[in-house]
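# Topology and contacts: notes
Chain by chain, the residues:
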Amino acid sequence: MRRLNIFLVLILGLFQSLSAQKPFEGKVSFLITYQEFPEGKEAMEHVLPNEATWFISGADTRVESATEVGGETTSLYVSNQDSITVLFKLTGQSVFYRRMKNQPVKFRVAPKQKTMTWNDIVLTRHVLQSADGLIVEAWCDTRYQNTSGTGYDDLMFLPLIFDFQDRGVRMRYTASSMDVYPIDETYFKIPEDRVRVSSHTLQKIVR
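Report follows, based on the coordinates. (Residues numbered from 1 in each chain as written. Predicted model: local features only at pLDDT ≥ 70, side-chain atom pairs only at ≥ 80, totals over all residues. Heavy atoms only, no water.)

### Topic: the overall build of the chain
If you tally the helices and strands in the chain, you get two helices and twelve strands. In sequence order, the chain lays out its α and β elements as α-β-β-β-β-β-β-β-β-β-β-β-β-α. Among the 207 residues that make up the chain, the fraction classed as buried is 37%. Sequence-distant contacts, at least 24 apart, represent 48% of the contacts inside the chain between residues at least 6 apart. With an accessible surface of roughly 13,100 Å², the chain has 51% of that area assigned to carbon and sulfur atoms. (Helix = DSSP H or I, 4+ residues; strand = E, 2+ residues; numbered from the N terminus. Buried < 20%, exposed > 50% of the residue type's maximum accessible area, 1.4 Å probe, protein only. Contact = heavy atoms within 4.5 Å. Areas by Shrake-Rupley, 256 points an atom, 1.4 Å probe, with all protein chains shown as cover.)

Right, here's the structure in full:
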């Protein structure tokens, strides 16, 4: 009976924790720093973005970034869709393509008894570890739920400083500003003047 009572207390605490979080709605601007590249690919840093702006409405995220080489790129992460929409310019024409979402990597998330203050907001440190040994760090605003743009489905809270690794490139996102305001659904719509290109066509052009 005692074990059952302890179990019920733990479950109740979990539900209270989940219900205390609310979906974030607003804009977060990030600075991006690159920490590691695959051998021989260090020059990639000059063609990757150093900043990104996220427009977040709950689980849906619009990510805007730009580079001198590639120009402006917008990625739409919509929670009820199995693909990501990428908008950009190709040979002067406004286009978009869709790519399937990658199967999310499963992480074990361990909250740590460590906090830091960012813009008068207390962030809590979380360490994420995958089955193949990848370890990343996230400093989270525990007032808000996580959003799909981070790529960490197992992380409960909204990270404002976090590590990310993609195709051997390890980077860190650090929030530079955070503004809370309503986000209209048009942020996640494809403009009517956009022309769709297939991934096959895009690969041929890039080559």
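What follows picks up the thread again.
### A short note on the pairing of strand S9 (residues 135–145)
Sheet topology places strand S8 (residues 121–130) next to S9; six bridges connect them, and they run antiparallel. Across the sheet, the residue bridging to arginine 125 is tryptophan 139, located in S9. Between S8 and S9, which pair antiparallel in sequence order, lie four residues; one of them, glycine 133, sits at a positive phi of approximately 95 degrees. Relative to strand S10 (residues 157–166), S9 is paired through five bridges, and the arrangement is antiparallel. (Pairing = 2+ DSSP bridges.)

### A look at the packing of aromatic side chains
Two measures describe an aromatic ring pair: the distance that separates the ring centres and the angle between the ring planes. Counted by the stated rule, this structure contains 13 aromatic pairs. A ring pair is formed by tyrosine 152 and phenylalanine 164, whose centres lie 6.1 Å apart and whose planes are at 65 degrees; its orientation type is edge-to-face. Residue tyrosine 152 is located in the loop between S9 and S10, and its partner phenylalanine 164 is located in strand S10; the two are separated by twelve residues in the primary sequence. Taking relative accessible area as the criterion, tyrosine 152 reaches 4% and is therefore assigned buried. One aromatic cluster is present, formed by Phe30, Trp54, Phe107, Tyr152, Phe162, Phe164 and Tyr173 through successive ring pairs. (Phe/Tyr/Trp six-rings, centres within 6.5 Å; stacked < 30°, edge-to-face > 60°.)

### Some words on the sheet that holds strand S5 (residues 83–90)
Ordered by their spatial adjacency, twelve strands build an open sheet running S7-S8-S9-S10-S11-S1-S2-S3-S4-S5-S6-S12, and the pairing between neighbours is mixed. The open sheet has two edge strands with one neighbour each: strand S7 (107–118) and strand S12 (195–196). In this sheet, S12 lies alongside strand S6 (residues 93–100) in parallel orientation, the contact comprising two bridges. Among the inter-strand pairings, valine 95 is bridged to a residue of S12, identified as valine 195.

### Digging into unusual backbone geometry
Although it is not a glycine, asparagine 119 sits at a positive phi angle of roughly 50 degrees. With respect to the element layout, asparagine 119 can be found in the loop between S7 and S8. Here arginine 167, not a glycine, exhibits a phi torsion of approximately 50 degrees, which is positive. Here arginine 167 is to be found in the loop between S10 and strand S11 (169–180). Accessibility expressed as a relative area gives 73% for arginine 167, which makes it exposed.

### Some points on the layout of surface pockets
Computed from the structure, the second largest pocket encloses a volume of approximately 230 Å³. Broken down by class, the residue content of the lining of the second largest pocket amounts to three nonpolar, five polar and six charged. (1 Å grid on protein atoms, 1.4 Å probe; cavity = no way out; pocket = protein on both sides within 12 Å on 5 of 7 lines; lining within 4 Å. Points joined across faces, edges and corners; volume = space filled by probe spheres on them. Nonpolar A, V, L, I, M, F, W, Y, C, P; charged D, E, K, R; others polar.)

### Some thoughts on the side chain of serine 130
Its place among the elements puts serine 130 in strand S8. Only 2.3 Å separates the side chain of serine 130 from the side chain of aspartate 132, close enough to count as a polar contact. When sequence neighbours within four positions are dropped, the list of residues in contact with serine 130 reads Val105, Lys106 and Phe107. (Polar contact = N/O pair within 3.5 Å; in protein donor to acceptor, adjacent residues only side chain to side chain.)

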